[in-house]
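For reference, the chains in residue letters:
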Amino acid sequence: MLQYIARQTVSAVFILLVVSIAAFSISHLAGDPAAVIAGENPSAEQIEQIRKTYGFDRPLYQQYLSWMGGALRFDFGTSYHYHQPVATMIAERLPVTLVLGLTSITFALMLALPLGVIAGVWPNSLIDRIALTIAVVGQAVPTFWLSLMLISFLAVGYGLLPVSGSSSWLHYVMPTIALGYYALPTLMRVTRAGMIEVLATDYIRAARAKGLLETQVLVKHALRNAIVPVVSLASVQFGMMLGGSVIVETIFAIQGIGWLGYDAVLRVDLPVVQAVVLVVAAFFIVLTWAADVVNAILDPRIRLS
Amino acid sequence: MAKHRKSRRKLFASWAATVASVAFLATPANASEADDTLRLAWGGGAGPLETANVYFTNSRTGIWLAMNVWDALVYRNPETMQYEPLLAEGWQQIDDLTLEFKLRQGVKFHNGEAFNANDVVATINWAVDPASGVLKARETAWIDRAEKVDDNTVRIISKKVFPVALDYLTTLPIYPDEYMAAAGRDGMAANPVGTGPYKVAKLDPTREYHLQVNPDYSWGSPKQTPKIGNVIIREIQDLQTQVAELVSGGIDLSADIQSDQAAQLKNMSGLTVTTGETMRISYLGLDATGRSGDKYLSNLNVRQAINLGFNREAYRKALFGDSARNIHVSCYPSQFGCDDTNAVRYEYDPEKAKKLLADAGFADGIELSLFTVPAVWVDPMVADLAKIGITLKVNAMPWGSLSPKITSGEVPILADNHGSYSINDASASIGYFFGGGPNDYSRDAEVTQWLAEAEATMDPEARKALYAKAIAKVTSQAYHVPMSSHVRHYVHSDKLAMKPSGDEILRLFEYSWSK
């Protein structure tokens, strides 16, 4: 087991290194950062001065090494636009996005798991069709449209919830539904497929032959095995929510880390873009690593392969 | 069975209680008038204000915050456009380079610090020092230094003759020197302190600002004592969300709403749309010298054809309505020196435009590249010019990417708008476009010389004459396509009484609840 964890850890660090190089290089293609910092109407001398002050005149690899050195100490430099330490900005934004991501993935799992299990136990039944419809609609409906519909009905139409903001738990209800509903279909379909596959295996037949209660068969034997791919998928979906919540965060004026990255791209605020990419990638990689370890615990065959 | 029914009833009761409590807790904050709190949203489209230390931002919302939380030495009356004493009770021009200000006594900053000459000298000298890193270089570039004469008198010495000094001084808020020294740049951003009609009670950067009326604001400021006690400002970037907040009563005012949405909201009960013309103008800048590598725009016929082929009347009506006006030169009519009497006017004439293109040897049409920030308003231009044989290839990109291209001369046609930083003088428009700076794509040495002279004399008549000559030349050479003035729509609760101003600044201290 320890060997398996060590192998996964080395792989995760390598991926993070590649992501950091990509984030650093790609963001430097977006434009001349010195001209962006200079604002409107700068002279050539002003731009040159900024280039020297910020070290943009150094070779790219040197800039990368000093940036990465800082990043390892959680020092991502200063935002060109907001003139604040990027680490502080991320620390302020991350909790909001983490709360939104956690509530959304919880919402998605709370619906996806029961629906997937029921659809898997009774395939092609009415409940299966209903679950399938939910899945198709969930995949077809754009998040921005669902968000606007929720605002239109729940906030504007019936006044049940506040339109936007993040100052109370009520503010998270609509964003959670909008973001969670996007992840729900995939989770549900994987659960359903897993259940159908596992329920057809010999050990389930054996469990039933032993006279176990159907609940025990489903929960202890079938679901435990069917859930292995769902754990991986849920961690990936959670990672995607952290970086991909930009639309929901913008519409609901939540201003988490997804919004921060979007805003930074528009303003060519390179230190923020680089830091957001790195932090979100790090979360993503850690979540995937954790999912691998959990799966290895659930299914010993994985760590032996 | 009875047990099941009982448990179902219990379940329903609990569900109903939950819904009721949610509905109760989430009742839209419609009681603004009752709790004397004006709720407004800003940042629509443009994004949030980067810092509440207003010397470190060029955002329009920074100007709005500065107007309400701080005071400058001089105030420009938005209706008369005349200069009125604010923190200075009077001034006199000592010589061409020196302005002397007598300061008001008895004014206090929000933290209790008394206002005096030290604050003015410290603020101005700090703002002009490049080491301070403030982003007001445009507003302070003319200042050499400030000097204290006595506790209630200061002198501001210009580097050169600068006829627009008073207008620029209206944009420079005065900071408390002792607090600045103790709190520093970040401290001022976290806890802003001014002398203005509102004080910042609470601040959540890039999300929310809570303002409270300044109880000491009773020293006869031309800004008036605020009539509304509290203001909550929320940063909401998405315009649809701002609309939903307006409709649901979550906010009382937004000044970011576009014309099409304003037209729809006009008919909604409980909401009023107040529209006002602004100093902002839209224009096309043409690369007349071929800096960008374009081979067509250095031809006068092509530039004139673009001017003639554009239906500015239809454009203005469709996008801004009757509150805006067509412009024939790239400045705003109220600005000193913006007199279009001598301007060459290009009335819509597609046939004449086609002929000019044919005479230039481009009868088969040409393709030109236009750069802009993502905006719908280039579509009418594209359609108009297609009719005369000019295909516009539109490159829309965020300002952060476009700005370096403009300054490095890579843009053949720039479609943009310009608000003159609310400066009521043609130096901020004609001077900005044709004064030889990085945005000047005409590079006309004669015009640049006239504009430099206009900024170097205190004689108003001489200045007017120089601007008139420059306007005649830039329009006859069709260096720009002046399009239209803009409007700003203020969508607000009909319980709120407010009036718009040409400089687009929200003067919250003038607003009141309707009787």
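The structure this text deals with has already been given above.
Residues numbered from 1 in each chain as written. Chains lettered and ligands numbered in written order. Predicted model: local features only at pLDDT ≥ 70, side-chain atom pairs only at ≥ 80, totals over all residues.

Novice: Honestly, the overall build of chain B in this entry has me stumped. Any pointers?
Specialist: Per the secondary structure count, chain B includes 16 helices and 18 strands. When burial is assessed residue by residue, chain B has 48% of its 515 residues classed as buried. (Helix = DSSP H or I, 4+ residues; strand = E, 2+ residues; numbered from the N terminus. Buried ≥ 20, exposed ≤ 12 C-beta atoms within 10 Å, placed from the backbone.)

Novice: What am I meant to see in the nonpolar core here?
Specialist: If you look at soluble globular proteins, the nonpolar side chains tend to sit buried side by side. The biggest cluster of nonpolar side chains holds 217 residues, and the ones touching the most others in it are Leu187 and Val276 of chain A together with Leu73 and Ala470 of chain B. When residues in this core are grouped by element, the largest group, 14 residues, is from helix α8 (residues 173-199) of chain A. The residues contacting Leu73 of chain B, other than those within four sequence positions of it, are Leu86, Leu87, Ala88, Phe101, Val120, Leu169 and Ile174 of chain B. (Core = buried A, V, L, I, M, F, W, Y, C linked by C-beta atoms within 7 Å. Contact = placed C-beta atoms within 7 Å.)

Novice: Teacher, can you tell me more about the sheet that holds strand β9 (residues 208-213) of chain B here?
Specialist: The strands that make up a sheet pair up through hydrogen bonds in the backbone, lying either parallel or antiparallel. Residues and elements named next belong to chain B. Ordered by their spatial adjacency, 10 strands build an open sheet running β8-β9-β10-β1-β11-β16-β12-β15-β13-β14, and the pairing between neighbours is mixed. Looking at strand neighbours, the two that pair on one side only are β8 (198-204) and β14 (390-396), the edges of this open sheet. Between one strand and the next, the sheet's axes are offset by a mean angle of 25°, whatever the strand orientation. The pairing of strand β12 (residues 271-286) with strand β16 (residues 480-493) spans 12 bridges and is classified as antiparallel. Along β16, the bridge assignment pairs Ser282 with Ser484. (Pairing = 2+ DSSP bridges. Axes fitted to C-alpha atoms, helices over the stretch in contact; angles between N-to-C directions.)

Novice: What is the right way to read the sheet that holds strand β4 (residues 88-95) of chain B from this model?
Specialist: Residue and element names in this part refer to chain B. One open sheet holds the 4 strands; their spatial order is β4-β5-β7-β6, and the pairing between them is antiparallel. Single-partner strands in this sheet number two, and they are β4 and β6 (143-150). If you compare each strand with its neighbour and ignore which way they point, the axes differ by 20° on average. Here 5 bridges tie strand β5 (residues 98-103) to strand β7 (residues 153-158), and the two strands are oriented antiparallel to one another. If you follow Phe101 over to β7, its bridge partner there is Val154. In this fold helix α3 (residues 117-128) packs onto β5, β6 and β7, with an angle of close to 165° to the strand it touches most, β6.

Novice: How should α8 of chain A be read in this particular structure?
Specialist: For an α-helix, 3.6 residues make a turn, and residues three or four places apart therefore share a direction. In α8 of chain A, a bend of some 35° at Leu184 of chain A exceeds every other bend along the element, and Pro185 of chain A, a proline, comes one to four places later. Taking burial as the measure, the 27 residues of α8 of chain A include 22 buried ones, the bulk of the element. (Bend = angle between axes of the 7 residues up to and from the residue.)

Novice: Just checking my understanding: could you explain helix α6 (residues 177-190) of chain B for this structure?
Specialist: Residue and element names in this part refer to chain B. The end-to-end C-alpha separation of α6 is 16 Å, well short of the 20 Å expected for 14 residues at 1.5 Å each. At Gly184, α6 shows its maximal bend, which comes to roughly 105°. Three or more residues of α6 are buried, namely Asp177, Tyr179, Met188 and Ala189. Buried residues belonging to α6 abut α3. (Expected span 1.5 Å × (residues − 1).)

Novice: Hey, could you run me through the environment of Leu218 of chain A in this one?
Specialist: All names here are of chain A. Note that Leu218 resides in helix α10 (residues 214-226). For Leu218, a count of 22 C-beta atoms within 10 Å translates into the label buried. Sequence separation between Leu218 and Val117 is 101 residues; the distance between their C-alpha atoms is 8.5 Å. Every residue in contact with Leu218, bar those within four places of it in the chain, is listed here: Val117, Val121 and Leu223.

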